[in-house]
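These are the residues of each chain, in order.
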Amino acid sequence: MSFFQDPVGAISALISNFLYTLLPQAWTALIMTLLGVVAVSSFGLIIVIFLIWVERKIAARFQDRLGPNRAGPYGLLQTFADMVKLVTKEDVIPAKADRLAFNIAPILSVVAVLLIWAVVPFAPGWIGTDLNVGVLYIAAVGSFGILSVLMAGWSSNNKYALLGAFRAVAQLISYEVPMLITLMVPVLLARGMGMVDMVKDQTVWFIVLAPVSGIIFLVSSIAEIGRTPFDLLEAESEIVAGYHTEYTGMKFGMFFAAEFLHAFTVGVLFAIFFLGGWRGPGAEATPLLGVIYLMLKGFFGYFIVMWVRSTLPRIRIDHMLALNWKFLTPLSLALLILTAIVEKVFEGNAWRVPALLIGNALILIVSYYFTRAISRRVTKERVTFKKRPVAKPA
Amino acid sequence: MTAEQGVFLFIGFVTLFSAYTMVTRSNLVHAALFLIVALFGVAVIFVLLDAGFLAVVQVLVYIGAIAILMIFAVMLTQDNASRDQESMNINYGWAVLLSALFAFALIVMLGQWQDIGAMAPTLDAGRDTVVELGSALVSPDGYVIPFEVASVLLLAALIGALVVARPQKKGK
Amino acid sequence: MQNTWLFIGVFIAIAGVFPLLPIVVARFIAPHKPNPIKLETYECGMETVGETWVQFKVQYYIYALVFLVFDIETAFLFPWAVAFDALPLFAVIEGVIFILILVGGLMYAWRKGALEWS
């Protein structure tokens, strides 16, 4: 029974005891680290295969159709078929493309997403590595993804790829601001940036303590991964395929896989920061249950991302950037100030939770009236234009 | 040589090499990419010095914002970003002379410093440097005045840059 | 250097290798027959006219600038948020003043039309 309660601990104790008899201590530590790294990154890569299938099935159901159901039972082998197809496609590098940047960009894109999984707390005691700056590390790793987009667009020697890359980078860096600010709210509530402490301190889920911040985090993360309604980066009717126009074969496959993995990672991060991570009945005793809870919550977040994708139309870029800078950023700053002051004033007091909820509701109501007033003023300005000369018959 | 020293030598070499390559590249966007490698090398050195927070802030701010700003600036000001620039001009000789003098002065100064071979004192395991940094930043007998002045400085930088870079009203 | 960061270092190395494997496999399996037509730049089936450069809107630069200022602001605020327990109310107000000064900057940028995509 104890093996099932903590399989990872049991297996790693077994392997390290075995290695201690063979090698000196430093090498053992290195090999254990290596095995941990391989385990976490394999998990990340293998789950992509499952994710693509889930995405296609659920998107299909939203659109009242069946989705892939030919390759294997219920279409489960569809992703394998797609991967095989992509591997056999020719790898065309356009003439005059910058070869080094062109080849590195898809690899950097995958690395940027995989690196996030190094600090995800799967269960109490199961984590890649517990950095004491875990939250900021996740934001820093996201900047590598932005860099890969820029490199991909610039090195393709293609006007539309470059244009798409610029717009993509403008979108990504704009939405990083509310994401960072709303990430500070769980850091404030948990009094630390370590991911393990973040989950351990969620006796009350943070979505209850900071609901609006959670929603803003989800919205800006959806924009960060480039999903509808923010997916004008890949809007086929507008700029072909955006920054990865010139990529073929497996390199495109890498961008593709990185995007799906990033979407799921966002769901898991939302679960960790706001939905309590691996917390659930019986999770402390049996770490395996903790992993199951985390995956369930992560899939719930991923389902919301897919739901939003299937429901909302695409936003125009100027609307999208105005939404970010004029609505999400001031709102998230106001919420941060509110959370900081309420946390300090009501420290240790039981009235903390209702005070935070009331504060959030107040800010939400105020911002609603504010935006309604602004939109009325903007509509009035647009409607009262100057009179145009009447068309006269020739 | 411990593993830590080996890593430091390797990353020091990578940083210096990419810094050198950055200043000698004639293609400006390539230079920006090598700058990113050099900045990442500095972040790794921060990790080696037990300053994890500074390392992630280095990556987040320098690579995630400043390097992108520089690439945008390069693409904004060049007619064609892939066209090769001249990487040396006629002051080449004076520049080499000054650099050699500066390097010589640095080596002499460092050679006279007694503590150059000493190891940095290791922190006790229980200390959380980020918490200490945070309380130092806002404590009245800490760095609160520089903290607030920093925000005013950021405000001034923002306003100044917007005044300079804002598109002219008449064109729109 | 603790074991924690060593994990990250090894992770970067291994995660860099993992996407390389399918690409290398593809190099052996996929056909490789370049000809000049295939290697041309893609422009929806038309031939490209002129050199490849885009008139870069200055608006991109302004967005990157404002992002930079807010990025540095959050870098300053994270230690403040982490040290929250040890701070008196006065210190929290100082942090709030820091945020408000930069909200003033955002308002300035908003009023001056720097945040418009025009």
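These numbers were taken from a predicted model, which means no experiment stands behind them. Throughout this document, residue positions are counted from 1 along each chain, in the order its sequence is written. All chains are assigned letters beginning with A, and all ligands numbers beginning with 1, in the order in which they are written. For a predicted model such as this one, the threshold for reporting local features is a pLDDT of at least 70, and the threshold for listing and counting side-chain atom pairs is 80 or more; totals across whole chains, interfaces and linings nevertheless cover every residue. Neither water nor hydrogens contribute to the side-chain values; these are computed over all heavy atoms in the structure.

Peer 1: Just checking my understanding: could you explain the overall build of chain A for this structure?
Peer 2: Here a helix means four or more residues in a row that DSSP labels H or I, a strand means two or more in a row labelled E, and each is numbered from the N terminus. A count of helices and strands for chain A gives 15 helices and two strands. Along the first, second and third principal axes, the C-alpha atoms of chain A reach 100 × 65 × 40 Å. Only protein chains enter the accessibility calculation, which uses a 1.4 Å probe. A residue is then buried if its area is under 20% of the maximum for its type, exposed if over 50%, and partly exposed in between. Residues counted as buried form 57% of the 394 residues belonging to chain A. Whether two residues touch is decided by their heavy atoms; if any such pair falls within 4.5 Å, the residues are in contact. Counted over contacts in chain A with a minimum sequence separation of 6, partners at least 24 positions apart contribute 75%. Using the Shrake-Rupley algorithm and a 1.4 Å probe, accessible areas are obtained, with residue cover drawn only from the displayed protein chains. Counting every atom, chain A has about 16900 Å² of accessible surface; 69% of that belongs to carbon and sulfur. Each charge class in chain A can be summarised by its mean position, and for the 32 positive and 23 negative side chains these summaries are 12 Å apart. Counted as positive: Lys and Arg. Counted as negative: Asp and Glu, with His and the chain ends omitted from the count. Where a charge lies is defined by one atom per residue type, namely NZ (Lys), CZ (Arg), CG (Asp) and CD (Glu).

Peer 1: For this particular structure, what's the right way to read the interface of chain B and chain A?
Peer 2: It is common to report an interface's size as the accessible area lost on association of the parts. Taken together, the contacts link 21 residues of chain B with 20 residues of chain A. When two components associate, each loses some accessible surface as probed by a 1.4 Å sphere; the sum of these losses over both components is called the buried area. For the pair chain B and chain A, the summed buried surface comes to about 1700 Å²; carbon and sulfur atoms form 86% of the total. A carboxyl oxygen of Asp or Glu within 4 Å of a side-chain nitrogen of Lys or Arg is what we treat as a salt bridge. Remark: the boundary between chain B and chain A carries zero salt bridges. Pairs of N or O atoms within 3.5 Å make up the polar contacts considered here, provided that, within protein, one atom can donate a hydrogen while the other can accept it, and that residues adjacent in sequence are counted only when both atoms are side-chain atoms. Scanning the region where chain B abuts chain A turns up zero residue pairs in polar contact (both at pLDDT 80 or more). Mapped by element, the contributors of at least two residues to the side of chain B that touches chain A are helix 2 (28-48) and helix 3 (52-77) of chain B.

Peer 1: Sorry if this is basic, but what is going on with empty space enclosed by the protein here?
Peer 2: One water molecule sets the probe size; rolling that probe over the atoms shows where empty space is left. Residues and elements named next belong to chain A. Points on a 1 Å grid over protein atoms alone make up a cavity when a 1.4 Å probe fits among them but cannot get out, and a pocket when they form an open set with protein on both sides within 12 Å along at least five of seven lines; lining residues each have an atom within 4 Å of a point. Grid points are joined across faces, edges and corners, and a volume is the space filled by probe spheres set on the points. The tally for this structure, following the rule as stated, stands at three cavities of 30 Å³ or more. As a volume, the largest cavity reaches approximately 480 Å³. Taken together, 32 residues line the largest cavity, and the ones lying closest to its centre are Gly-145, Leu-172, Glu-224, Ile-225 and His-262. By residue number, the principal contributor to the lining of the largest cavity is helix 6 (residues 134-155), which donates eight residues.

Peer 1: Looking at this structure, how should I read the layout of surface pockets?
Peer 2: Of the volumes computed, that of the second largest pocket is approximately 1200 Å³. Forming the walls of the second largest pocket are 34 residues, and the residues nearest its centre are Ala-322, Lys-326, Ile-374 and Val-378 of chain A together with Trp-110 of chain C. Polar here means any residue outside two lists: the nonpolar Ala, Val, Leu, Ile, Met, Phe, Trp, Tyr, Cys and Pro, and the charged Asp, Glu, Lys and Arg; Gly therefore counts as polar. Residues that form the lining of the second largest pocket fall into these classes: 21 nonpolar, five polar and eight charged.

Peer 1: How should I be thinking about the side chain of Thr-265 of chain A in this particular structure?
Peer 2: Residues and elements named next belong to chain A. In this fold, Thr-265 is placed in helix 12 (residues 249-274). Taking the relative accessible area as the measure of exposure, Thr-265 reaches 0% and is therefore buried. Only 2.5 Å separates the side chain of Thr-265 from the backbone oxygen of Leu-261, close enough to count as a polar contact. Each residue touching Thr-265, except ones within four places of it in the same chain, is listed here: Val-113, Ile-116 and Trp-117.

Peer 1: Even after reading the chapter, I still don't get the pattern of salt bridges, so can you show me in this structure?
Peer 2: Once their charged atoms are close, side chains differing in charge can pair, the charge on each being opposite to the other. Residues and elements named next belong to chain A. What the rule picks out here adds up to six salt bridges over all chains. For Arg-309, the salt bridge identified is with Glu-55, shortest N-O distance 2.3 Å. Taken together, the positions of Arg-309 in helix 13 (residues 287-311) and Glu-55 in helix 3 (residues 25-62) put the pair 254 residues apart, joining distant regions of the chain. For Arg-309, a relative accessible area of 34% translates into the label partly exposed. When its relative accessible area of 2% is taken as the criterion, Glu-55 is described as buried. For the salt bridge of Arg-191 with Glu-343, the shortest nitrogen-to-oxygen distance reads 2.9 Å.

Peer 1: I keep staring at the interface of chain A and chain C and nothing clicks. Help me out?
Peer 2: Every contact between the two is made by 77 residues of chain A and, on the other side, 66 residues of chain C. Here chain A packs against chain C, burying approximately 6600 Å² in sum over the two surfaces, 80% of which is carbon and sulfur. Taken as a group, Trp-325, Lys-326 and Lys-344 of chain A account for 11% of the area that chain A buries against chain C, more than any other trio of residues on that side. Counting across the chain A and chain C interface gives one salt bridge. Measuring nitrogen to oxygen at the nearest pair gives 2.8 Å for the salt bridge that ties Arg-191 of chain A to Asp-85 of chain C. Between the two partners, chain A and chain C, sit four residue pairs in polar contact (both at pLDDT 80 or more). Of all the secondary-structure elements, those providing two or more residues to the side of chain A that touches chain C are helix 3, helix 5 (99-114), helix 6, helix 7 (159-190), helix 12 and helix 14 (317-345) of chain A. Among the elements that make up the side of chain A that touches chain C, the one with the highest residue count is helix 7 of chain A (17 residues). Its residues placed into classes, the side of chain A that touches chain C shows 49 nonpolar, 13 polar and 15 charged.

Peer 1: What exactly am I supposed to notice about helix 2 of chain B here?
Peer 2: Owing to its 3.6 residues per turn, the α-helix brings residues three or four apart onto one side. All names here are of chain B. For helix 2, which comprises 21 residues, the first-to-last C-alpha distance of 30 Å matches the rise-based estimate of 30 Å (1.5 Å per residue) to within 8%. Considered for burial, the residues of helix 2 that qualify are Val-29, Ala-31, Ala-32, Leu-33, Leu-35, Ile-36, Ala-38, Leu-39, Gly-41, Ala-43, Val-47 and Leu-48. Two or three places before Val-29, at the opening of helix 2, Asn-27 has a side-chain oxygen 3.2 Å from that residue's backbone nitrogen. Immediately beyond the C-terminal end of helix 2, within one or two residues, lies Asp-50, with a positive phi of roughly 70°. In this scheme, a helix's expected span is set at 1.5 Å multiplied by one less than its residue total.

Peer 1: What exactly am I supposed to notice about the nonpolar core here?
Peer 2: Counting residues in hydrophobic clusters, the biggest one holds 202 residues, and the most contacted among them are Tyr-137, Met-193 and Phe-273 of chain A together with Phe-72 of chain B. At 20 residues, the largest contribution of residues to this core is made by helix 7 of chain A. Where each domain starts and ends follows an automatic or database-derived domain assignment. Here this core spans two domains, and each of domain 1 (1-88) and domain 2 (124-172) of chain B adds at least three residues to it. Met-193 of chain A has contacts with Asn-132, Val-133, Gly-134, Val-135, Leu-136 and Val-187 of chain A, Phe-53 and Val-130 of chain B together with Phe-78 and Val-82 of chain C, leaving out every residue within four places of it along the chain. Definition of nonpolar core: a set of buried residues of the types Ala, Val, Leu, Ile, Met, Phe, Trp, Tyr and Cys, connected through side-chain atoms within 4.5 Å.

Peer 1: Honestly, the packing of aromatic side chains in this entry has me stumped. Any pointers?
Peer 2: Both the distance between ring centres and the angle between the ring planes are used here to describe each pair of aromatic rings. For Phe, Tyr and Trp, where Trp contributes only its six-membered ring, two rings pair if their centres lie within 6.5 Å, and the inter-plane angle classes them as stacked under 30 degrees, edge-to-face over 60, or tilted in between. Summed over the entire model, instances satisfying the criterion amount to 29 aromatic pairs over all chains. Relative to Phe-76 of chain C, the ring of Phe-147 of chain B lies with its centre 6.0 Å away and its plane at 65°, an arrangement referred to as edge-to-face. Linking Phe-147 of chain B in helix 6 (residues 144-165) with Phe-76 of chain C in helix 3 (residues 58-82), this pair reaches from one chain into another. We classify Phe-147 of chain B as buried; its relative accessible area is 1%. When the centroid spacing of 5.8 Å and the interplanar angle of 55° are considered together, the rings of Phe-76 of chain C and Phe-98 of chain C count as tilted. With Phe-76 of chain C in helix 3 and Phe-98 of chain C in helix 4 (residues 89-111), this residue pair connects regions lying 22 residues apart in the sequence. Relative accessible area serves as the criterion here: at 25%, Phe-76 of chain C is assigned to the partly exposed category. Here the aromatic cluster, defined as three or more aromatic residues joined through ring pairs, consists of Phe-43, Phe-50, Trp-53, Trp-117, Phe-122, Phe-264, Phe-299 and Tyr-302 of chain A.

Peer 1: Could you clarify how one ought to interpret the side chain of Gln-78 of chain A in this entry?
Peer 2: Examined against the element boundaries, Gln-78 of chain A turns out to sit in helix 4 (residues 78-87). Excluding anything up to four places from it in sequence, Gln-78 of chain A contacts Arg-56, Pro-68 and Ala-71 of chain A.

Peer 1: Where do I start with the environment of Leu-66 of chain A in this structure?
Peer 2: Residue and element names in this part refer to chain A. Note that Leu-66 resides in the loop between helix 3 and helix 4. Residue Leu-66 is classed as partly exposed on the basis of its relative accessible area of 46%. Each C-alpha atom, one on Leu-66 and one on Phe-264, is 22 Å from the other, the two residues being 198 residues apart in sequence. Not counting chain neighbours up to four residues away, the residues in contact with Leu-66 comprise Lys-57, Ala-60 and Arg-61.

Peer 1: Where do I start with the confidence of the model for chain B in this structure?
Peer 2: Segments scoring low in pLDDT should not have their predicted coordinates read at a detailed level. All names here are of chain B. Known as pLDDT, the predictor's per-residue confidence is scaled from 0 to 100. Looking at chain B, the pLDDT average stands at 83 and 84% of residues meet or exceed 70. Averaged pLDDT values for the elements of chain B fall to 83 in helix 5 (residues 129-138) and rise to 91 in helix 2. As a predicted assembly, this complex carries a pTM of 0.89 together with an ipTM value of 0.87.

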